[in-house]
Each structure stands twice: as structure tokens, then as C-alpha cells.
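Structure assessment
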Amino acid sequence: MTQLNEVPANYASAGAPPKSEEHFFELLGKFETATLVTRARNTGELHGRPMAVAAADDDGTLWFITNVDSTKVLEVREDSRALVTLASSRKFVTLNGHLELVADREQVDRIWKERYRVWFEDQNDPELVLLRFTPFDGEFWDDSGARGVKHAFEAAKAYLRGQKLGPTEGDAEARAKVVL
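Only a predicted model underlies this, so the values are computations on that prediction, with no experimental measurement involved.

Re the overall build of the protein chain
In terms of regular secondary structure, the protein chain is built from four helices and eight strands. Order of helices (α) and strands (β) in the protein chain, N terminus to C terminus: α-β-β-β-β-α-β-β-α-β-α-β. Counting every position in the protein chain, which comprises 180 residues, the buried fraction comes to 36%. In the structure as shown, the protein chain presents an accessible area of about 10600 Å², 51% of it carried by carbon and sulfur atoms.

Quick notes on the pattern of salt bridges
Inspection of the entire model under this criterion finds eight salt bridges. A salt bridge links E75 to R49; its shortest N-O distance comes to 2.8 Å. Of the two residues, E75 is situated in helix α2 (residues 71-78) and R49 in strand β2 (residues 46-52); the sequence distance between them amounts to 26 residues. Relative accessible area serves as the criterion here: at 2%, E75 is assigned to the buried category. Residue R81 pairs with D79 through a salt bridge whose shortest N-O separation is 2.7 Å.

Some words on the nonpolar core
By size, the foremost hydrophobic cluster in this structure holds 22 residues, and its most contacted members are L62, F64, V84, L86, V93, L95 and F133. Going through the elements one at a time, α1 (18-28), β1 (33-39), β4 (62-67), β5 (81-87), β6 (91-102), β7 (128-142) and β8 (175-179) are the ones with two or more residues in this core. Core analysis: the next-biggest nonpolar cluster, separate from the first, contains 12 residues, I111, W112, Y116 and F120 among them.

About the cut-offs
- Residues numbered from 1 in each chain as written.
- Predicted model: local features only at pLDDT ≥ 70, side-chain atom pairs only at ≥ 80, totals over all residues.
- Heavy atoms only, no water.
- Helix = DSSP H or I, 4+ residues; strand = E, 2+ residues; numbered from the N terminus.
- Buried < 20%, exposed > 50% of the residue type's maximum accessible area, 1.4 Å probe, protein only.
- Areas by Shrake-Rupley, 256 points an atom, 1.4 Å probe, with all protein chains shown as cover.
- Salt bridge = Lys/Arg side-chain N within 4 Å of Asp/Glu carboxyl O.
- Core = buried A, V, L, I, M, F, W, Y, C linked by side-chain atoms within 4.5 Å.

Written out as C-alpha cells, the structure reads:
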């Protein structure tokens, strides 16, 4: 039996095969929205909020645009540790890392999208600051396409047999932990 803090032997892990890493970065670039989780000031409680992903770099770095006076900026100034989760109906990614406040107008110009005018006058708004999220590891689960059909079939078989669904086979494109 696997303990909560153990990873099943057939689960791709640290030193994940290149196929896992490639699929991880491919998935990461497909999400437009993430949940950014920081630690609340004073209490240390986790505080999550949805954020538009302004850009995803090839190394997994994520960029967010926010207001310099926002609560998340105050939280980052006290504790830079963060968790980012990204999800769709069949694809999920989690990342552990650190946030950094960045004042770089050239980067803002590169990643600016017209839809940000809802929050800012334009890319030169003095209230605008970048949040750079640098991950140190991440995990993904991808049950889309044929993998999703296979997973649903295996779940149905387990259900009909009155059994629990066991750990999935080590498919490097279905789920893996990647150290960045």
C-alpha cells in the first residue's frame, strides 16, 4: 500500500523521461488561466485566486500582470513561495515555485493583451507590475484523447468488478512529476 507521501513505483518522477518533460511544457502553454496560491499576511493561511496567464516561457516560467497595490503583491513581499494550478476538464498541472515582482516595461510590451484594459489603462499604467513565477517542480495529469478513453474504460471495469481503480500505468504523457 502506498503511503500518502510516497509515489507509486510506476509513476514517472524526478528525472522524468524527456517525453514527460516535453508533454509537461506542451500542456503548460495551453492554459490561459491559473489559480495562484500564496500565503496570507499575518496568518500564513493559503490564499488562492484566479489569474490570467500573461505568458509561459519555454523553461516553465509563468508571467502574470497585477496591480502593485494588490493583496498578492503584499503577500509575495513577505513570502515568495507559491503554488500555481492549471486545470481543464481532462488536463491538470500543478507547479511549486517562487514569485518575484518585476518592473520591466519591455516584458510588459511583449506580453500585453488588449483584454488587460479591464484592469489597467494601458501597458504603461504606473499601477501595473509583473509577477514572475519560477517553478522548481511540477506535476501533470492528462486524461484527454485516447488516454482519457482508456482511463474511463479501466474505471468502468473496476466499478463493475466491485474493485478500486488501481494506480495507472507509467504513461509518461498521462501523468508525471517533473523537476525543473
